[in-house]
Amino acid sequence: MRLIFLGPPGAGKGTQAKRVALKYKIPQISTGDILRKAIANETKKGIEARSFMEKGQLVPDEIILGIIKDYLISQEGKNGYILDGFPRTINQAIELNHFLEELEVKLTAVINFKVENGVVIKRLGGRRGCKSCGALYHLEYLKPTKENVCNVCQGELYQRNDDTEEVIKNRLLVYERLTSPLIVFYQRLNLLKEIDGEKDIEVIFNEIIAFLEERL
Ligand code: AMP
């Protein structure tokens with residue numbers, strides 16, 4: 001199964017991708033997570049990507065396409081995957097189609113998460129993540145038992161430096177301008193499934209699974 005999870009930042013793509021990946025035993029490939037790791041490890045790609053990410057801009061295609069190509073041809077991607085946060089531009093989507101053609105495989109579906117901007121700003125502004133295990137919390141909706149401490153591993157919680165209000169607004173503008181045209185792109189390829197990303201996490205998960213089971 002080869003899936004793309006599409007939608008604005010804070011739409012719940014990552015949360016659902018983790019659950020769906022676990023159910024079908026396929027990897028979740030988050031370009032954002034890969035870049036954050038590269039920054040933490042101070043690799044060449046990380047150093048190049050950092051200033052774009054801090055401003056809420058897209059990282060240049062050649063960096064992203066290199067990362068994705070490595071995954072698609074790796075052993076890890078053999079039995080399918082969920083692309084979470086990729087593609088984000090029409091050019092990336094076209095390049096992805098070329099890679100897939102070369103590998104003689106096809107996408108199964110593209111799940112598009114719809115969420116209003118006001119909801120995104122609230123969700124991301126209060127989002128906190130664990131430095132050690134990556135578990136996600138929210139200052140209002142999903143508080144950790146002990147302030148700033150992860151329930152799972154006792155790690156320290158932190159706020160992503162692109163989850164500040166000003167940067168979130170920029171990420172939303174970038175989404176509108178560069179990423180949202182992908183909705184029509186995948187609609188035309190008959191791959192798109194729209195999901196109301198404002199519903200309850202469990203309800204959304206069940207909807208996605210019901211749709212995928214029909215497609216399998
Ligand atoms: P995310 O964790 O998906 O919200 O991504 C965080 C940031 O990483 C984005 O705001 C971009 O700066 C960068 N990024 C992630 N995926 C891509 C992509 N496919 N193309 C360009 N930039 C990306």
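Up top is the structure.
So, here's what we can say about the structure.

Conventions we followed
- Residues numbered from 1 in each chain as written.
- Predicted model: local features only at pLDDT ≥ 70, side-chain atom pairs only at ≥ 80, totals over all residues.
- Heavy atoms only, no water.
- Helix = DSSP H or I, 4+ residues; strand = E, 2+ residues; numbered from the N terminus.
- Buried < 20%, exposed > 50% of the residue type's maximum accessible area, 1.4 Å probe, protein only.
- Polar contact = N/O pair within 3.5 Å; in protein donor to acceptor, adjacent residues only side chain to side chain.
- Contact = heavy atoms within 4.5 Å.
- Pairing = 2+ DSSP bridges.
- Phe/Tyr/Trp six-rings, centres within 6.5 Å; stacked < 30°, edge-to-face > 60°.
- Lys NZ or Arg CZ within 6 Å of the ring centre and 35° of its normal.
- Near = heavy atom within 4 Å.
- Nonpolar A, V, L, I, M, F, W, Y, C, P; charged D, E, K, R; others polar.
- Arc of directions from axis to C-beta.
- Core = buried A, V, L, I, M, F, W, Y, C linked by side-chain atoms within 4.5 Å.
- Expected span 1.5 Å × (residues − 1).
- Salt bridge = Lys/Arg side-chain N within 4 Å of Asp/Glu carboxyl O.

### With respect to the side chain of Thr89
Within the secondary structure layout, Thr89 lies in the loop between strand 3 (81-84) and helix 5 (90-103). Classification of Thr89 by relative accessible area gives buried; the value is 10%. Among the polar contacts listed, one links the side chain of Thr89 to the backbone nitrogen of Gln92, at a separation of 3.0 Å. Among all residues touching Thr89, those that are not within four sequence positions of it are Leu58, Asp61, Leu178 and Leu182.

### Here we look at the sheet that holds strand 7 (residues 157-158)
Within a sheet, each strand pairs with its neighbour through backbone hydrogen bonds, oriented either parallel or antiparallel. Read from one edge of the open sheet, three strands run 6-5-7, paired in antiparallel fashion. Two strands close off the open sheet at either side, each with one partner strand: strand 6 (136-138) and strand 7. The pairing of strand 5 (residues 127-130) with strand 7 spans two bridges and is classified as antiparallel. Bridge pairing in strand 7 links Gly129 to Tyr158.

### Side note on the packing of aromatic side chains
The full count for this structure, using the stated rule, is two aromatic pairs. Taken together, a centroid distance of 5.4 Å and an interplanar angle of 55° make the contact between Phe5 and Phe113 tilted. In this pair, Phe5 is assigned in strand 1 (residues 2-6) and Phe113 in strand 4 (residues 109-114), connecting sequence segments 108 residues apart. Consider the rings of Phe185 and Tyr186, whose centres lie 5.0 Å apart with planes at 85°: the pair is edge-to-face. We note that Phe185, like Tyr186, is buried. The cationic tip of Arg19 hangs over the ring face of Phe205; the distance from NZ or CZ to the ring centre is 5.4 Å. Between Lys23 and the ring centre of Tyr24, over which it is positioned, the NZ or CZ distance is 5.7 Å.

### Thoughts on the site of the ligand
Close contacts around the ligand come from 16 residues, with Thr31, Arg36, Gln57, Arg88 and Gln92 the closest. The contact in question runs from an oxygen atom of the ligand to an N or O atom on the side chain of Arg36, over 2.9 Å. Note that an oxygen atom of the ligand is positioned 2.6 Å from one of the backbone N or O atoms of Gln57. Per-element tally for the shell around the ligand: the top contributor is helix 2 (residues 31-40), with four residues. Among the residues making up the shell around the ligand, the classes are represented as six nonpolar, five polar and five charged.

### Quick word on helix 8 (residues 181-188)
Of the positions making up helix 8, those classed as buried are Leu182, Ile183, Phe185 and Tyr186. Along the axis of helix 8, the buried positions cluster into a sector of 165°, meaning they face one direction only. Residues of helix 8 that are buried sit in contact with strand 1, helix 5, strand 4, helix 7 (165-179) and strand 8 (192-196). Directly after helix 8, the chain includes Asn190, whose backbone phi takes a positive value near 60°.

### Side note on the nonpolar core
Membership of the largest hydrophobic core comes to 30 residues, with the highest contact counts inside it found for Leu35, Ile68, Leu83, Leu96 and Tyr186. When contributions to this core are tallied by element, the ones reaching two or more residues are strand 1, helix 2, helix 3 (44-55), helix 4 (61-73), strand 3, helix 5 and helix 8. By residue number, the principal contributor to this core is helix 4, which donates six residues. If we skip the residues at most four places from it in the chain, Leu83 touches Leu3, Ile4, Phe5, Ile29, Ile68 and Leu96. Grouped together as the second largest cluster of nonpolar side chains are 25 residues, Val20, Ile111, Leu124 and Ile168 included.

### A word on helix 1 (residues 13-24)
Under the 1.5 Å per step criterion, the end-to-end length of helix 1 is 16 Å for 12 residues, consistent within 8% with the ideal 16 Å. Along helix 1, the positions that sit buried rather than exposed are Lys13, Gln16, Ala17, Val20, Ala21 and Tyr24. The buried residues of helix 1 occupy an angular sector of 135° when projected down its axis, which confines them to one face. Structurally, helix 1 contributes buried residues whose contacts are with strand 1, strand 2 (28-30), strand 3, strand 4 and helix 9 (201-215). Looking one or two residues past helix 1, Lys25 carries a phi angle of roughly 55°, positive in sign.

### Regarding the pattern of salt bridges
For side chains of opposite charge, pairing can occur when their charged atoms come near one another. Scanning the entire structure with this criterion turns up 10 salt bridges. Between Arg127 and Asp163 there is a salt bridge, with its nearest N and O atoms 2.9 Å apart. With a gap of 36 residues between them, Arg127 in strand 5 and Asp163 in the loop between strand 7 and helix 7 connect regions that are remote in the sequence. Comparing Arg127 with Asp163 shows no difference in burial state: the two are buried.

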